[in-house]
Amino acid sequence: AQKVTQAQTEISVVEKEDVTLDCVYETRDTTYYLFWYKQPPSGELVFLIRRNSFDEQNEISGRYSWNFQKSTSSFNFTITASQVVDSAVYFCALNAGGTSYGKLTFGQGTILTVHP
Amino acid sequence: EAGVAQSPRYKIIEKRQSVAFWCNPISGHATLYWYQQILGQGPKLLIQFQNNGVVDDSQLPKDRFSAERLKGVDSTLKIQPAKLEDSAVYLCASSLEYGVDQPQHFGDGTRLSIL
């Protein structure tokens, strides 16, 4: 069975602070993909990044960076110099094989509030 | 490129009534998904289609929920009769192909309230 845990329910920061959102996953499959989505108040889930299980290179995109560590089954997301527009719910998700092939399993989400 | 379109945006009905949601995926996307998102939780897959065939509907409460994707493009999700616990946001998503590596692109969702 697949499982994704986002232990941080809510995080509150002041603008320009760095913030890291944690994600821990469980799967028995050796081939899988991890995703991060952003859900602003408007409700639409916005795709941010995809990472496959064979690529442990960290990735940076502007103020966003992702740290994938297979040894600890974690795929953490860091926002550098946070801005008010980053306020949203962030979801980590897993897509693996077996009976869950093609199905995204989401974590509970982390509510990020960035105060001016 | 136009995104995933969903309607209506909001719906309020009384329990035991029926309701239908419509989804138009991104053009050319073969796979379509319906998710249920209860307040404070992550989305949960209800059903996924590959073209006009059902790939997985194991989480769909088939005694009250039904979905179809005629002609492999638009899709409709129906609830009949609705229960109080069906209050949620119903999200439609699509991906280019069917696979574990496929990013899924979501619509704005339909927020359903059951009175």
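Model, not experiment: these values are computed from the prediction.

**Here's the deal with the packing of aromatic side chains**
The full count for this structure, using the stated rule, is 20 aromatic pairs over all chains. Between Phe-106 of chain A and Tyr-35 of chain B, the ring centres sit 5.8 Å apart and the planes meet at 90 degrees, which makes this aromatic pair edge-to-face. Placement of the pair is Phe-106 of chain A in strand E11 (residues 104–106) and Tyr-35 of chain B in strand E4 (residues 31–37), with the two residues belonging to separate chains. Overall, the relative accessible area of 9% leaves Phe-106 of chain A in the buried class. Overall, Tyr-35 of chain B belongs to the buried group, its relative accessible area being 0%.

**Brief notes about the pattern of salt bridges**
The final tally for this structure, using the stated rule, is 5 salt bridges over all chains. Of the charged contacts, one joins Asp-55 of chain A and Arg-51 of chain A as a salt bridge, the two residues approaching to 3.1 Å between their closest N and O atoms. Take Asp-55 of chain A: its relative accessible area is 24%, and that puts it in the partly exposed class. By relative accessible area, which is 6% here, Arg-51 of chain A ends up buried. One salt bridge connects Lys-62 of chain B with Asp-57 of chain B, and the closest N-O pair in it is separated by 3.7 Å. Through salt bridges with shared partners, a single network forms among Arg-51, Asp-55 and Glu-59 of chain A.

**Section: the nonpolar core**
Of all hydrophobic cores here, the largest spans 24 residues; its most connected members are Trp-36, Phe-77, Tyr-90 and Leu-112 of chain A. Elements that contribute at least two residues to this core include exactly strand E2 (10–14), strand E3 (19–21), strand E5 (32–39), strand E8 (64–69), strand E9 (74–79), strand E10 (88–96) and strand E12 (110–115) of chain A. Of the residues forming this core, the biggest block, 5 residues, is contributed by E10 of chain A. The next biggest cluster of nonpolar side chains, apart from the first, holds 21 residues, and it includes Ile-26, Leu-60, Leu-77 and Ala-82 of chain B.

**Quick word on the sheet that holds strand E1 (residues 5–7) of chain B**
Residue and element names in this part refer to chain B. Here 4 strands make up an open sheet; going across it, the order is E1-E3-E8-E7 and the pairing antiparallel. Two strands lie at the open edges of the sheet, namely E1 and strand E7 (65–68), each paired on one side alone. Going across the sheet, the axis of each strand differs from the next one's by a mean of 15 degrees, ignoring polarity. With 3 bridges connecting them, E1 and strand E3 (residues 19–24) associate as antiparallel partners.

**Re unusual backbone geometry**
Residues other than glycine predominantly adopt negative phi, and peptide bonds predominantly adopt the trans conformation. Of note, the bond from Ser-7 of chain B into Pro-8 of chain B is cis; its omega dihedral lies within 30 degrees of zero at -5 degrees. Within the secondary structure, Pro-8 of chain B is located in the loop between E1 and strand E2 (10–13). For Ala-81 of chain A, which is not a glycine, the phi torsion comes out positive at approximately 50 degrees. Despite not being glycine, Asn-51 of chain B shows a phi value in the positive range, around 55 degrees. Look at Asn-51 of chain B and you get partly exposed, because its relative accessible area is 37%.

What counts and how
Sequence order sets the numbering: in each chain, residues are counted from 1 along the sequence as written. As a convention, the first chain written is A and the first ligand written is 1, with the rest following in written order. pLDDT decides what is reported in this predicted model: residues at 70 or higher carry local features, side-chain atom pairs at 80 or more are listed and counted, and totals for whole chains, interfaces and linings draw on all residues regardless. The side-chain values count all of the structure's non-hydrogen atoms but skip hydrogen atoms and water molecules. The rule is short: rings of Phe, Tyr and Trp, with Trp giving its six-membered ring, pair when the centres are within 6.5 Å, and they are stacked under 30 degrees, edge-to-face over 60, tilted in between. Numbering of helices and strands runs from the N terminus; a helix is a DSSP stretch of H or I covering at least four residues, while a strand is a stretch of E covering at least two. Burial classes: relative accessible area under 20% of the type maximum marks a residue as buried, over 50% as exposed, and values in between as partly exposed (1.4 Å probe, protein chains only). Salt bridges are counted wherever a side-chain nitrogen of Lys or Arg sits within 4 Å of a carboxyl oxygen of Asp or Glu. Take the buried residues of types Ala, Val, Leu, Ile, Met, Phe, Trp, Tyr and Cys, join any two whose side-chain atoms come within 4.5 Å, and each joined set is a nonpolar core. Strands pair, by our definition, only if DSSP identifies at least two bridges between them. In this analysis, axes come from line fits to C-alpha atoms, helices being fitted only over the stretch in contact, and the angle between any two N-to-C directions falls in the range 0 to 180 degrees.

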